[in-house]
Amino acid sequence: MKKISIVIPVYNEEEVLKISYTRIKEVMNTLEKYDYEIIWINDGSKDKTFDILQEIAKEDEKTKVLSFSRNFGHQAAVTAGIKYVTGDAIIIMDADLQDPPELLPEMLVLWEEGNEVIYGQRKSRKGESAFKLLTAKMFYNTLNALSDVDIPKDTGDFRLVDRKVIDVINSLPEHNKFLRGLFSWVGFKQKAYFYERQERQAGKTKYPFKKMWRLASDGIISFSTKPLKIVGGLGILTIILSIAILIYSLLSYLWHLNNLTAGWTSIMVAITLFSGVQLLSIWIISEYIARIYDETRNRPQYIIDKKINII
Ligand code: UDP
Ligand code: MG
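For the structure given in this document, a descriptive report is provided here. (Residues numbered from 1 in each chain as written. Chains lettered and ligands numbered in written order. Predicted model: local features only at pLDDT ≥ 70, side-chain atom pairs only at ≥ 80, totals over all residues. Heavy atoms only, no water.)

Nonpolar side chains in soluble globular proteins tend to be buried together. Formed by 39 residues in total, the largest nonpolar core has its most connected members in Phe68, Ile82, Ile169 and Phe183. The residues contacting Ile82, other than those within four sequence positions of it, are Val7, Ile90, Ile92, Ile166, Ile169, Asn170 and Leu179. Formed by 36 residues, the second largest nonpolar core is a distinct cluster that contains Val10, Ala57, Leu103 and Leu160. (Core = buried A, V, L, I, M, F, W, Y, C linked by side-chain atoms within 4.5 Å. Buried < 20%, exposed > 50% of the residue type's maximum accessible area, 1.4 Å probe, protein only. Contact = heavy atoms within 4.5 Å.)

Quick look at the structure:
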């Protein structure tokens with residue numbers, strides 16, 4: 001019997017947890033061909049999330065729980081979850097039912113046909129703010145313009161992945177894994193699965209702008225060195241500009257074209273422009289250095305405090 005592992009990161013999801021659990025159970029019980037497990041990763045929730053999970057897991061041995069010592073973020077939670085899966089096919093989804101579990105049977109058919117990564121691609125997104133839609137669009141466009149692998153548009157973390165691919169991802173040595181990018185980067189037989197993204201069933205988004213920004217910059221920096229090349233380009237551009245200013249000043253001096261004491265404007269323009277470019281460049285470079293520093297410290301990406309139904 002083939003086994004399916006469902007991986008669900010949860011952070012302060014007390015309102016939606018039970019609804020979510022019931023709907024997943026309903027779907028899985030119709031799939032008699034398969035055995036399954038549900039792995040919930042409690043990402044340092046401050047509400048009753050863990051208590052509810054504990055309650056569910058007591059009655060249901062197919063429910064497994066990993067609980068972090070604090071909030072380590074969604075990517076860390078999924079990274080932890082896929083380390084503990086025992087299934088042949090692994091499904092990653094959100095707790096808020098935006099990615100409906102009712103789609104799993106169709107995704108499983110695609111998997112049985114030999115596809116190894118079946119990624120959910122959103123045809124539409126319901127009930128999300130214009131701001132979220134705009135920033136999401138900007139994110140995918142920038143990422144694809146900058147990065148060296150093609151990361152499919154409108155694709156989040158909702159996917160069904162073959163064991164083989166999960167093993168590869170788990171064996172990658174990097175600590176901070178940008179999973180959306182990695183799942184595309186590893187190759188294998190990929191297949192898009194189009195679906196309508198639903199509204200969040202209860203509770204609020206756990207992705208404030210700060211976390212989205214962090215995810216976006218992690219994605220760009222871990223998949224591209226183009227920003228560094230842009231720094232190089234900016235440097236060359238400013239050098240050309242400064243040579244032009246130099247020639248202009250020299251000619252002005254030689255031919256008395258200009259009242260030189262009135263050169264204040266050009267000096268100010270040059271100083272502010274160049275220091276702006278320098279600061280921007282230093283910022284971009286330091287984003288990389290910060291991540292190199294992060295990786296070399298070799299700290300784990302998350303700390304597990306408690307495990308339930310997991311050996
Ligand atoms: N999540 C998490 N840790 C975090 C933020 C979010 O584990 O720090 C979980 C959250 O509980 C949910 C999933 O990640 O199951 C996606 O979050 P959310 O639905 O809030 O994001 P959105 O759909 O609004 O982008
Ligand atoms: Mg959501």
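From this point, things continue past the structure.
Distances from the magnesium ion (ligand 2) to its protein donors, namely Asp96 (OD) and Gln98 (OE1), fall within the range 1.9 Å. Judged on exposure class, the residue Asp96 and its partner Gln98 are both buried. (Donors = N, O, S within 2.8 Å, 3.2 Å for Na, K, Ca; no water.)

Attention now moves to the environment of Ser184. Tracing the sequence through the fold places Ser184 in helix H7 (residues 179–185). According to the relative accessible area criterion, Ser184 is buried, its value standing at 18%. Distance in space between the C-alpha atoms of Ser184 and Val117 is 8.5 Å, their sequence separation being 67 residues. In this structure Ser184 touches Asp150, Ile151, Pro152 and Gln190, once residues within four positions along its chain are discounted. (Helix = DSSP H or I, 4+ residues; strand = E, 2+ residues; numbered from the N terminus.)

Between helix H5 (residues 130–146) and helix H8 (residues 209–223), the least distance of the axes is 10 Å, while the angle of their chain directions is 15°. As far as their axial angle goes, H8 and H5 are roughly parallel. Crossing handedness for the pair H5 and H8: right-handed. Between H5 and H8, the residues in contact are Phe131, Lys132, Thr135, Phe139, Thr142, Leu143 and Leu146 and Phe209, Met212, Leu215, Ala216, Gly219 and Ile220, respectively. The residue inventory of the contact of H5 with H8, partitioned by class, reads nine nonpolar, three polar and one charged. (Axes fitted to C-alpha atoms, helices over the stretch in contact; angles between N-to-C directions. Parallel < 35°, antiparallel > 145°, perpendicular 65-115°, else oblique. Left-handed = near helix turned anticlockwise from the far one by under 90°. Nonpolar A, V, L, I, M, F, W, Y, C, P; charged D, E, K, R; others polar.)

Looking now at unusual backbone geometry. Excluding glycine, residues mostly have negative phi values, and the peptide bonds linking residues are mostly trans. Its identity is not glycine, yet Leu97 carries a phi of approximately 65°, on the positive side. For Leu97, a relative accessible area of 0% gives the class buried. Despite not being glycine, Asn309 has its phi angle at roughly 60°, a positive value. With respect to the secondary-structure elements, Asn309 resides in the segment after strand E8 (304–308). For Asn309, a relative accessible area of 33% gives the class partly exposed.

Taken N-terminus to C-terminus, the directions of helix H1 (residues 17–30) and helix H2 (residues 49–59) make an angle of 30°; their axes are 10 Å apart at the nearest point. Seen from above, H1 lies across H2 with right-handed handedness. Contacts between H1 and H2 involve Leu17, Lys18 and Tyr21 on the former and, on the latter, Thr49, Ile52, Leu53, Glu55 and Ile56. Among the residues making up the contact of H1 with H2, the classes are represented as five nonpolar, one polar and two charged.

Looking now at the sheet that holds strand E5 (residues 117–125). Ordered in space as E7-E5-E6-E4-E1-E2-E3-E8, the eight strands form an open sheet in which the pairing is mixed. In this open sheet, the two strands that pair with only one neighbour each are strand E7 (190–197) and E8. For this sheet, the mean angle separating the axes of adjacent strands, direction not counted, is 20°. In terms of strand pairing, E5 meets strand E6 (residues 155–162) through four bridges, oriented antiparallel. Considered in E6, the bridge of Val117 is made with Val161. Along the sheet, helix H3 (residues 74–83) contacts strand E1 (2–10), strand E2 (34–42), strand E3 (63–68), strand E4 (89–92) and E6; its crossing angle with E1, the most-contacted strand, is approximately 155°. Relative to E6, helix H6 (residues 163–171) is tilted by about 115°, and along the sheet it contacts E4, E5 and E6. (Pairing = 2+ DSSP bridges.)

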